Amino acid sequence: MTILFSDRNLPDPLGPTPPLSGDERARLDRLERENAKLRRINQVLMDRVERSMDVQGGAFSLFQTAIVLEQKVRERTLEVERALRELEDSHRDLARAKELADTMRTRLSEAIESVNEGFAIFDADDRLVLCNSKYLALWPEIRDKIMPGVRFKDIAELAASSRSVADAYPRPDLWLAQRLAQHRELKGPYIYRLSDGRWIQVNERRTRDGGVVGVYTDITDIKEHETRRRERELAEKSALLQATLDNIAQGVGVYDRDQRLVAWNERFAALLRLPDSVARRGASFAEFILHHAAMGDGAMGEAGLSLRALMAPSCLVEQPWLDDTVLEISRNPMPGGGFVLTFTDITERKRAEQALRDSEQRIRLVTDAVPALIAYVDAEQRFRFVNKAYENWFNRAREDIEGQPMWAALGDLYYEARRTYILRALAGEEVTFELDLPGENGAPRYAVATYIPHFGEKRGGGKREVLGYFGLIHDITERRMAAEALADAKDSLERRVVERTAELTRLNTQLQQEIAERIAAEEALRLAKAEAEQANLSKTRFLAAASHDLLQPLNAARLFVAALGDLEQPEPSRGLVDNLDVALASVEDLLSTLLDISKLDAGAVRPEVADFPIQSLLGALATEYAAVAKERGLDLRVVASHAVVRSDIRLLRRILQNFLSNALRYTPACPPSGDGAGKVLIGCRRTPAGLRIEVCDTGPGVPADKLGEIFQEFRRLDTPCANERVRGMGLGLAIVDRVARMLDHPITVRSQPGRGSVFAVTVPFGRYARPARALEAPVRTTTNRLAGTRVLVIDNEPAVLAGMRALLEGWGCTVATAASGDEALRALDSATPDVLFADYHLDNGVIGFTEIARVRERCGTQLPSVLITANRTAEVVEEAQSKGCHVLNKPVKPAQLRAVMTGLLG
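Bear in mind the structure is a predicted one, so any value in this text is a computation, not a measurement.

Thresholds applied
- Think of each chain on its own: its residues are numbered from 1, step by step along the sequence as written.
- In keeping with the predicted nature of the model, local features appear solely for residues at pLDDT of at least 70, side-chain atom pairs appear and are counted solely at 80 or more, and the whole-chain, interface and lining totals rest on all residues.
- Calculation of side-chain values draws on the structure's entire complement of heavy atoms; hydrogens and water are dropped beforehand.
- Remark: nonpolar core denotes a set of buried residues (Ala, Val, Leu, Ile, Met, Phe, Trp, Tyr, Cys) joined through side-chain atoms within 4.5 Å.
- Between buried and exposed lies partly exposed: a residue is buried under 20% and exposed over 50% of the maximum accessible area for its type, with that area taken using a 1.4 Å probe on protein chains only.
- Helix numbers and strand numbers start at the N terminus; a helix is a DSSP run of H or I with at least 4 residues, a strand a run of E with at least 2.
- In this scheme, the bend at a residue equals the angle between the axes fitted to the seven residues that finish there and the seven that begin there.
- Note on geometry: axes are C-alpha line fits, over the in-contact stretch for helices, and angles between N-to-C directions span 0 to 180 degrees.
- Each crossing gets its handedness from the near helix: less than a right angle anticlockwise from the far helix is left-handed, clockwise is right-handed.
- Should any heavy atoms of two residues lie within 4.5 Å, those residues are counted as being in contact.
- Side-chain classes follow a simple rule in which Ala, Val, Leu, Ile, Met, Phe, Trp, Tyr, Cys and Pro form the nonpolar group, Asp, Glu, Lys and Arg form the charged group, and the remainder, Gly included, forms the polar group.
- The criterion for strand pairing is that DSSP finds at least two bridges linking the strands in question.

K.L.:
Please clarify how the nonpolar core should be interpreted in this entry.
P.N.:
Soluble, globular proteins show a tendency: their nonpolar side chains are buried together. I614, L652, L656, F659 and I693 are the most contacted members of the largest nonpolar core, which totals 38 residues. Going through the elements one at a time, α21 (614-631), α22 (649-666), β19 (679-687), β20 (690-697), α23 (732-743) and β22 (756-763) are the ones with two or more residues in this core. Here this core gets nine residues from one element, more than from any other, and that element is α22.

K.L.:
Teacher, can you tell me more about helix α15 (residues 412-426) here?
P.N.:
Each α-helix turn comprises 3.6 residues. Residues three or four places apart therefore point the same way. For α15, the principal kink sits at R419 and spans about 50 degrees. By the burial criterion, the buried members of α15 are Y415, R418, I422, A425 and L426. Once α15 ends, the next one or two residues include G428, with phi positive near 100 degrees.

K.L.:
Looking at this structure, I do not really get the packing of helix α24 (residues 798-810) against helix α28 (residues 894-904). What am I missing?
P.N.:
Angle between the axes and distance between the axes are the two parameters that describe a pair of packed helices. The contact between α24 and α28 brings their axes to 12 Å, and the two run at 65 degrees. The crossing of α24 and α28 is right-handed. Counting all contacts with α24, which are made through M804, L807 and L808, the residues of α28 involved are P894, L897 and M901. For the contact of α24 with α28, the class distribution of residues is six nonpolar, no polar and no charged.

K.L.:
Any chance you could explain the sheet that holds strand β4 (residues 199-206) here in plain terms?
P.N.:
Sheet strands pair by backbone hydrogen bonding; their relative direction is either parallel or antiparallel. Read from one edge to the other, the open sheet built from five strands follows the order β2-β1-β5-β4-β3, with strand pairing classed as antiparallel. The outermost strands of the open sheet, each flanked by one partner alone, are β2 (128-131) and β3 (190-193). Ignoring which end each strand starts from, the neighbouring axes of this sheet average 25 degrees apart. With five bridges joining them, strand β1 (residues 118-122) and strand β5 (residues 212-218) adopt antiparallel strand pairing. Bridged to G118 within β5 is Y216.

K.L.:
Looking at this structure, how should I read unusual backbone geometry?
P.N.:
Backbone geometry follows two general trends: most residues other than glycine have a negative phi, and most peptide bonds adopt the trans configuration. In this structure, D126 is a non-glycine residue whose phi angle is positive, near 60 degrees. Tracing the sequence through the fold places D126 in the loop between β1 and β2. On the basis of relative accessibility, which here comes to 24%, the residue D126 falls in the partly exposed class. For D744, which is not glycine, the phi torsion reads 60 degrees and is therefore positive. Positionally, D744 belongs in the loop between α23 and β21 (747-752).

Okay, structure coming up:
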């Protein structure tokens, strides 16, 4: 009996199955392979049983075989049923997972679509997975080509080639490379502009599987708001710039890169006399040039500006202008094209510079007027200063004496006579001795010489170094002749005593009387010697006292000369007036310098220490000395600094002025090295000790063994000077030394002969920038604004009153003078003055402040008043400020007087 098992007609328990995943498909294939294998095994077993049946075909054997085969088939069928049940469970789980995935995908699509920004997801292969309509709306020209599976690179290329991105032109390839780099690196948000004017901000993030999520935000409103805000700020800045230009004293015109006028102030149009067609927005620089070309080229001595200078890329020139004024013209290029023209009226400054140059020649007048022989000798026994009397005694020019050793200038005979006293003076001892001088016609002359040591700083052991000595020689020929006559009388008396020894008893009474007379004569001689020594000591103090006492008559002399200079004079007289003004200016500077030294030595100057930015001082010095450097052909540079220092701004300015004056005076226009023009630089270095302010020059330099001598009074080296008329007297660095010691500011000097010098002062740093006292700039006027001004002058010196009247009336003022307050009050009966000038010291101990108060009380108003004084102490200035008065120091400078009057009258 044969039994066949077949599963062909069995119903499918699973029914129709959904699509299978990859893992499920592999598992199903494996189960089908196992089922097919089991079928083949069943067929083989059945064939074997049929072939192994014995010939007789025993029933038991066949039955036994059938039972075994049935058992095997049942086991295999059970295994197939279990596999099919497992497969059914897998199909069910797969269907649920697919349904969940479809639900989540639908929800994700809806969520992305609800986002206000453009949204796009790219997989690890940089292919588009999903995006919303906002993203497609960004690319209206290519949205039909954007679908899942498209690469990001293809989308970017389509955007660049379709001109959808405005930033992609004119170089789409460059924009595409940058966009792909941004997409790879993902360094943060970035912004680009579309062709329709919209601005898009892109934020991209990397997903866990290596894909990229991008959010595209429309920020057009924000960009437009920012643009409006920037335009508003630009308009405000333009208004602020115009207000700034309108409030500065210089005329300023700004031309853009197309040489069109874009900004200017009223001073620019008024100072240059420009018509509206030239001073208008958009006017070309060519119109400006043509306007002044019609006036004539100022470089050729005509009325117009220097066109050659204005056409240069940059310039800084000075030239005469209309109404006898002087303009400083500056042209400076701007970054990005364009340039700025600046026109400054420097008429008063040029006049002040001329007066300053003239005053340098006056310093010798005081010493030359002293009849005594005055000299200064340094530690190397070289003459450094001699006055006119010394020059006459040598009968040689002082240039042939100064700088010479004493033995060479005096000769061996006269030097040996002084050598012992010279060595004692250089050892620090003050010595007085008598010496013989060659007189006229061979007649001997006798003198008393006093050598006063000049001490420097203390050394480590406490001993002060002797830098040299001052020599004062007074003629005592008359006194010497009297002493010789007395000595002859003494000898005669002694001879008579010897001759009359025999008559001693008889003449004893007479001899005692003669002895008493002799004692009285000796006492008179001792008193005469003491008086001579006192007179000698008084003369040593003459310079300090004369500096103050001569200020009063010198003030009157300056006023007379200024008034005379304002009058029309023939050419020979004009030269005499100019020379007289030069001489008086020299006396004034010398007296002022000597007075400053005496005040510093006496401790009368008290520093006013405060914190201030150093740039406020450096800027003023740059402006003050720029014209001097330009005139001498030098390149002056001032390096700006934002440091804040603590010092007295007036005294520190005095130090830097002396450094700059010496650098400009001794630096040649063409240095020995031949490297361009001579250079002077002032700059700052920060050091642990403070801010070191350095003045560097390319001058001849100072030998190392002379660095200590240049800070001594009347000590000058044989350094060639560009202009011998402006050579100093050797007092500037002496003042620097005293002021620096008073302020405790170390002074250092570095120099290399033939290459230049560096003078430096170290100033401590300040803690904060407190506004420094402003340096008053001179008032510049182009017309006589003082004409018709009523002026009242109170002074007890008739010469000063006459000089003030002559000067002020020359300016067109109506002048009333008074020697006292009572006369001033009587003068008020005729008219009320516009300005009041009063001397500080009047007769009978009356102070100028008292008379100013009386006049103001009578006028019933706070009358503009100026106090004129030779007292330069801070107490007087503070009292004047508290009473609302200006202060002018004697001798009064006409330019300064005119500037103060113009400022008071508004």
